[in-house]
Amino acid sequence: MMEKKTVILAIESSCDDTSSAVIVDGILRSNVTASQKVHEEYGGVVPELASRAHQQNILPVVDTALKRAGVTKDEISAIAFTRGPGLLGSLLVGTSFAKGLALALNVPLIDVNHLQGHVLAHFISDQASAESRKPQFPFLCLLVSGGNSQIVLVKAYNDMQIIGQTIDDAAGEAFDKCAKVLGLPYPGGPHIDRLAKLGDPNKYPFAKPNIPNYDYSFSGLKTSFLYTLRDMLKEYGVETIDELAERVPNLREDMCASLQTTVVDILMRKLKKAANDLHIRQVAVAGGVSANSALRQAFVDYGERYHWEVFIPPFSYTTDNAAMVCQAGYFKYLDHDFCAIDEVPYAKTTI
Ligand code: KG4
């Protein structure tokens, strides 16, 4: 008789991406994401619009994930869902859908911490990466996204400790807010990355924070960025960034390159301090900002210089995705670590 397959269906809806993924016997078979364009014109995510878009997207996204994985709903062994942190309205859509489907199919439910999911993205085995290196515990993970900038000591898949974190803005938030000031679309991070390639990283020396231990701060850098522009507007006697850009050649490109270099330097210095102090040589990066090309290059450079073994996720697993939630759910499934059907989502939580 054929042995029964372990099929985990995952749902991610913590912010503005509706995503669903399927893992069959430890191998990722599908990862489907519907990104919400509706927020672009507002320059940031509008929570109410995000919830409504999740409601529209969730059924087709889950259906597509199952079809692409080549499994039917009757084969599902358990359903994993992002319980938090995130936008409560968005989380409620995914949580309620997961509960309803788990009840209907009579399968266990697995709650996943979104931040742990980002870290565990390094363990995803898809067709291309099944044989690839995976980090060994304990390792350090720099978790950088729109809402977080943390150095995490990962002792086991379910035992993580934040040893440093931002005391104000997150790195992604700093990118997004500075991009907005430059008149770039939301989210600004990818646009900064693109323009930075054409600019001089040493043109504008921005303030770097002096924060103790392994903590970060990005609000001073943001202010320094803003004041640099404000002073130039005054100097050239103009009112808008567009007018300034006409007078200062390569303005946006140089501002982006200088900002990116500063952010990456701030992130890497603290990470190096933590790796040295804890004598850890396995260092990973995760979260949306890990898509940044300068940060990825810095990992490669630090790896060579300080003999780190570095782990950089494929682009598809950097921003919010259900594949990472599915991987976290798969680990919990193997431990029979299920949650009750009446669990509620949480907007704020730590790792
Ligand atoms: O993890 P994530 O998808 O979700 C949230 O935290 O909501 O991270 C999104 C963040 C945004 O701030 C976005 O601007 C940033 O990741 N981001 C980038 C790049 N791609 C995405 N920042 C810098 N360079 C990029 N290439």
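Report follows, based on the coordinates.

What counts, and at which threshold
Residues numbered from 1 in each chain as written. Predicted model: local features only at pLDDT ≥ 70, side-chain atom pairs only at ≥ 80, totals over all residues. Heavy atoms only, no water. Core = buried A, V, L, I, M, F, W, Y, C linked by side-chain atoms within 4.5 Å. Buried < 20%, exposed > 50% of the residue type's maximum accessible area, 1.4 Å probe, protein only. Helix = DSSP H or I, 4+ residues; strand = E, 2+ residues; numbered from the N terminus. Contact = heavy atoms within 4.5 Å. Pairing = 2+ DSSP bridges. Salt bridge = Lys/Arg side-chain N within 4 Å of Asp/Glu carboxyl O.

Moving on: the nonpolar core. Ranked by size, the top nonpolar core spans 53 residues in total, and within it Leu-142 and Leu-295 carry the most contacts. Here the element with the most residues in this core is helix α8 (residues 251-278); it accounts for 13 residues. In this structure, Leu-295 is in contact with Leu-142, Val-144, Val-264, Leu-267, Met-268, Val-285, Val-289 and Ser-290, ignoring residues within four places of it in sequence. Listed in part, the 36 residues of the second largest apolar core include Ala-21, Val-325, Tyr-333 and Ile-351.

Turning our eyes to something else, we now look at the pairing of strand β8 (residues 159-165). As paired elements, strand β7 (residues 149-156) and β8 share six bridges and run antiparallel to each other. Bridging across to β8, Leu-153 finds its partner in Gln-161. Where β7 hands over to β8, the hairpin turn is made up of two residues, counted between the paired strands.

In this structure the tally under the stated criterion is 16 salt bridges. Between Lys-332 and Asp-111 there is a salt bridge, with the nearest N and O atoms lying 3.3 Å from each other. Here the residue Lys-332 occupies a position in helix α10 (residues 322-334), and Asp-111 occupies one in strand β5 (residues 109-113), the gap between them amounting to 221 residues. For Asp-111, a relative accessible area of 11% gives the class buried. Through salt bridges with shared partners, one network takes in Arg-83, Asp-111, Lys-332 and Glu-343.

In this section: the environment of Arg-52. Secondary-structure assignment places Arg-52 in helix α1 (residues 47-69). Put simply, Arg-52 and Gly-287 are 235 residues apart on the chain and 25 Å apart in space, counted from C-alpha to C-alpha.

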